[in-house]
Amino acid sequence: MASQQDLDFTYSTIDQVFRLSIGETGDYSGAMYNGDFSLTLEQAQAQKHQFIADSLRIRPGSKVLDMGCGWGPFLTYIKHQRGAIGRGVTLSQEQAEACRNNGLTVDVKDCRLITPDDYGTFDAITCIGGMEHFCSIEQWQAGEQDSIYANFFKNLGDLLPTGGRFYMQSMVFGEQLPPFDSISLQADPDSDAYYMALMIAQFPGSWLPYGPAHIGHCARPYFKLVSISSGRLDYIETIGQWRRRFRAFNARKYAIYVSLLPRLLTNPAFRGLISVFRKSPNRVCFERKIMEHYRLVFEKV
Ligand SMILES: C[S@@+](CC[C@H](N)C(=O)[O-])C[C@H]1O[C@@H](n2cnc3c(N)ncnc32)[C@H](O)[C@@H]1O
């Protein structure tokens, strides 16, 4: 699994830049355009929130856990639009602090280890872009990926009643994933292997599931899949919109970019993080089908 240090590198480093660009409680996961790319990013994110809340049947008073809550976009939506009682967990200290400052209930905690002793049980649970971080390259190489996901779904089952629903969306590997041995920052800079190396640098400690069937297989003893849709094209559009907002001038934000420059020059891993100013590895991986993206709704059996 990505460690707290890994996730702080990915998320806490960009905390202020993110909030200045996308908004205090902005989404850092693929939006939902449903084929209508004339929507604004904010409209498409709101459409996603609505889809998730409807799929999970979230109503006034529903108790909802958001695993890997980021800066709290979904918690904010269900609090204000659905009258639900939300709780979030993240492994990024800065995200948790920002969420609390915005009136949300959020702890720094590993969501995979939550038991009913921590917060009781929930009516509905979400994990919007968190599963990407559950398995590290080393764990995948040691053959532990399936058991990590199966344990996650087993623990998740303890937190929901029978018939309770879980929404997740995750990047997964696609049909064009290059051989692992070819992945390198020294590879040809336009190659699939190079873009995958940038992804690994940007998201240390994280190795993706091999498609929705892989996730469904690991969930099967505890959950049935009730809905599935691809968000790959939506994610490509989302990334384009993010890049515009990250580049938009703001004096405080650009001062932060400048302060990151020395780390950029000395640490190749930072190249992934400044992808707002170059070609985004994330976007290229989706365009080339090195990666796919899926939204899955599960129901506890
Ligand atoms: C791509 S961000 C998505 C954030 C948010 N769900 C959204 O849609 O904006 C991934 C989030 O997952 C969190 N995360 C990853 N692994 C986690 C774990 N094991 N326990 C808790 N949070 C985790 C990260 O800290 C981060 O907040």
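Please refer to the structure higher up on the page.
Nothing here was measured: the structure is a model prediction, and the numbers come from that model.

About the criteria used
Numbers given for residues are sequential positions, taken from 1 along each chain in its written order. It should be noted that, the model being predicted, local features are given only for residues of pLDDT at least 70 and side-chain atom pairs only at 80 or more, the latter also being counted only at that level, while totals for whole chains, interfaces and linings use all residues. Side-chain descriptors were evaluated using all non-hydrogen atoms of the structure, hydrogens and water having been removed beforehand. Numbering of helices and strands runs from the N terminus, with a helix taken as a DSSP run of H or I at least four residues long and a strand as a DSSP run of E at least two residues long. Contacts were defined at the residue level, with two residues in contact if any of their heavy atoms lie within 4.5 Å. Neither His nor the chain ends contribute to the count of charged residues, in which Lys and Arg are positive and Asp and Glu negative. By convention, charge coordinates are those of NZ in Lys, CZ in Arg, CG in Asp, or CD in Glu. With a 1.4 Å probe rolled over the protein chains alone, any residue whose accessible area is under 20% of its type maximum counts as buried; one over 50% counts as exposed, and the rest are partly exposed. When DSSP locates at least two bridges between a pair of strands, those strands are taken to pair. Note on geometry: axes are lines fitted to C-alpha atoms, helical ones only across the stretch in contact, with angles between N-to-C directions running from 0 to 180 degrees. The salt bridge definition used is simple: a Lys or Arg side-chain nitrogen within 4 Å of an Asp or Glu carboxyl oxygen. Should an angle fall under 35 degrees it is taken as roughly parallel, and over 145 as roughly antiparallel, whereas 65 to 115 is taken as roughly perpendicular and any remaining angle as oblique. Residue polarity is assigned by list, with Asp, Glu, Lys and Arg as charged and Ala, Val, Leu, Ile, Met, Phe, Trp, Tyr, Cys and Pro as nonpolar; anything else, Gly included, falls into the polar class. Note on convention: the crossing is left-handed when the near helix lies turned anticlockwise from the far helix by less than a right angle, right-handed when the turn is clockwise. Between N or O atoms, a polar contact is any pair within 3.5 Å; within protein, one atom must be a potential hydrogen donor and the other a potential acceptor, and residues adjacent in sequence are included only when both atoms are from side chains. By convention in this document, the label disulfide applies to cysteine sulfur atom pairs within 2.5 Å. Here a pair means two rings of Phe, Tyr or Trp (six-membered ring of Trp) with centres within 6.5 Å. Their orientation is stacked below 30 degrees between planes, edge-to-face above 60, and tilted elsewhere.

Undergrad: Mind laying out the overall build of the protein, listing which residues take part and the relevant values?
TA: Tallying secondary structure elements over the protein gives 14 helices and seven strands in all. Principal axes of the C-alpha set define a box for the protein whose edges measure 50 × 45 × 40 Å. Contacts spanning at least 24 positions in sequence make up 74% of the contacts within the protein whose residues lie at least 6 apart. Here the protein contributes 31 positive and 31 negative side-chain charges, whose respective centroids are spaced 4 Å apart.

Undergrad: Give me the pairing of strand E5 (residues 165–173): which residues, what numbers.
TA: Where burial is concerned, most of E5 is hidden: nine out of the nine residues are buried. Burial along E5 is two-sided: the face carrying Arg 165, Tyr 167, Gln 169, Met 171 and Phe 173 and the face carrying Phe 166, Met 168, Ser 170 and Val 172 are both buried. Sheet topology places strand E4 (residues 124–128) next to E5; five bridges connect them, and they run parallel. In the strand pairing of E5, Cys 127 is matched with Met 168. Pairing analysis gives nine bridges linking E5 to strand E7 (residues 291–300), with the strands arranged antiparallel.

Undergrad: Before we move on, could you go through the sheet that holds strand E6 (residues 223–230) and cite the residues and values that matter?
TA: Pairing in this open sheet of seven strands is mixed, and the strands run E3-E2-E1-E4-E5-E7-E6 from one edge to the other. Two strands in the sheet have a free side with no partner beyond their single neighbour: strand E3 (106–108) and E6. In this sheet, neighbouring strand axes are inclined to one another by 20° on average, regardless of whether the strands run parallel or antiparallel. Of the pairings in the sheet, the one linking strand E1 (residues 63–67) to E4 comprises four bridges and is parallel in character. Considered in E4, the bridge of Val 64 is made with Ala 124.

Undergrad: Could you give an account of the pattern of salt bridges, with specific residues and numbers?
TA: This structure, assessed with the given rule, holds 16 salt bridges. Linking Arg 245 and Glu 42 is a salt bridge whose minimum nitrogen-to-oxygen distance equals 3.0 Å. Of the two residues, Arg 245 is situated in helix H11 (residues 232–247) and Glu 42 in helix H3 (residues 41–55); the sequence distance between them amounts to 203 residues. Through salt bridges that share partners, Arg 57, Arg 165, Lys 224 and Glu 299 make up one connected network.

Undergrad: Pulling in residues and values, what's your account of the packing of H11 against helix H12 (residues 251–266)?
TA: At a minimum axis distance of 10 Å, the contact between H11 and H12 shows a crossing angle of 95°. On the basis of their axis angle, the class for H11 and H12 is roughly perpendicular. Along its contact with H11, which presents Arg 245, Phe 246 and Arg 247, the element H12 presents Lys 253, Tyr 254 and Tyr 257. Grouping the amino acids of the contact of H11 with H12 by side-chain chemistry returns three nonpolar, no polar and three charged.

Undergrad: An account of the environment of Tyr 194 is requested, with residue identities and associated values reported.
TA: By the secondary structure assignment, Tyr 194 is in helix H9 (residues 192–202). The class for Tyr 194 is buried, based on a relative accessible area of 9%. Ignoring any residue separated from it by four or fewer positions in sequence, one finds Tyr 194 in contact with Ser 184, Leu 185, Ala 187, Asp 188, Pro 189 and Arg 278.

Undergrad: Give me the packing of H3 against helix H4 (residues 73–82): which residues, what numbers.
TA: At a minimum axis distance of 10 Å, the contact between H3 and H4 shows a crossing angle of 70°. Overall, the two elements H3 and H4 adopt an arrangement that is roughly perpendicular. Where H3 crosses over H4, the handedness of that crossing is right-handed. Facing His 49, Gln 50, Ile 52, Ala 53 and Asp 54 of H3, the residues of H4 in contact are Pro 73, Phe 74, Tyr 77 and Arg 82. Residues belonging to the contact of H3 with H4 are distributed by class as follows: five nonpolar, two polar and two charged.

Undergrad: For the side chain of Ser 62, give the residues involved together with the corresponding values.
TA: When you line up the elements, Ser 62 lands in the loop between H3 and E1. At a separation of 2.8 Å, a polar atom in the side chain of Ser 62 contacts the main-chain amide nitrogen of Arg 59. Excluding residues that lie within four positions of it along the chain, Ser 62 makes contacts with Arg 57, Ala 84, Ile 85 and Asp 123.

Undergrad: Describe the state of the cysteines, and please don't skip the residues or the numbers.
TA: Taken as a whole, this structure holds zero disulfides when the rule is applied. In this model Cys 127 remains outside any disulfide bridge; the closest cysteine sulfur is found in Cys 111, 5.2 Å from its own. Accessibility expressed as a relative area gives 2% for Cys 127, which makes it buried.

Undergrad: Requested: an account of the packing of aromatic side chains, with residues and values cited.
TA: Aromatic ring pairs are reported here in terms of the distance separating the ring centres and the angle at which the planes meet. Tallied over the full model, the rule gives 28 aromatic pairs. Their ring planes at 65° and their centres at 6.0 Å tell us that Tyr 28 and Trp 71 sit as a pair that is edge-to-face. Residue Tyr 28 is located in the loop between helix H2 (15–22) and H3, and its partner Trp 71 is located in the loop between E1 and H4; the two are separated by 43 residues in the primary sequence. On the numbers, 6.3 Å between centres and 20° between planes, the contact of Phe 166 with Phe 298 is stacked. Of this pair, Phe 166 sits in strand E5 while Phe 298 is found in strand E7, placing the two residues 132 residues apart along the sequence.

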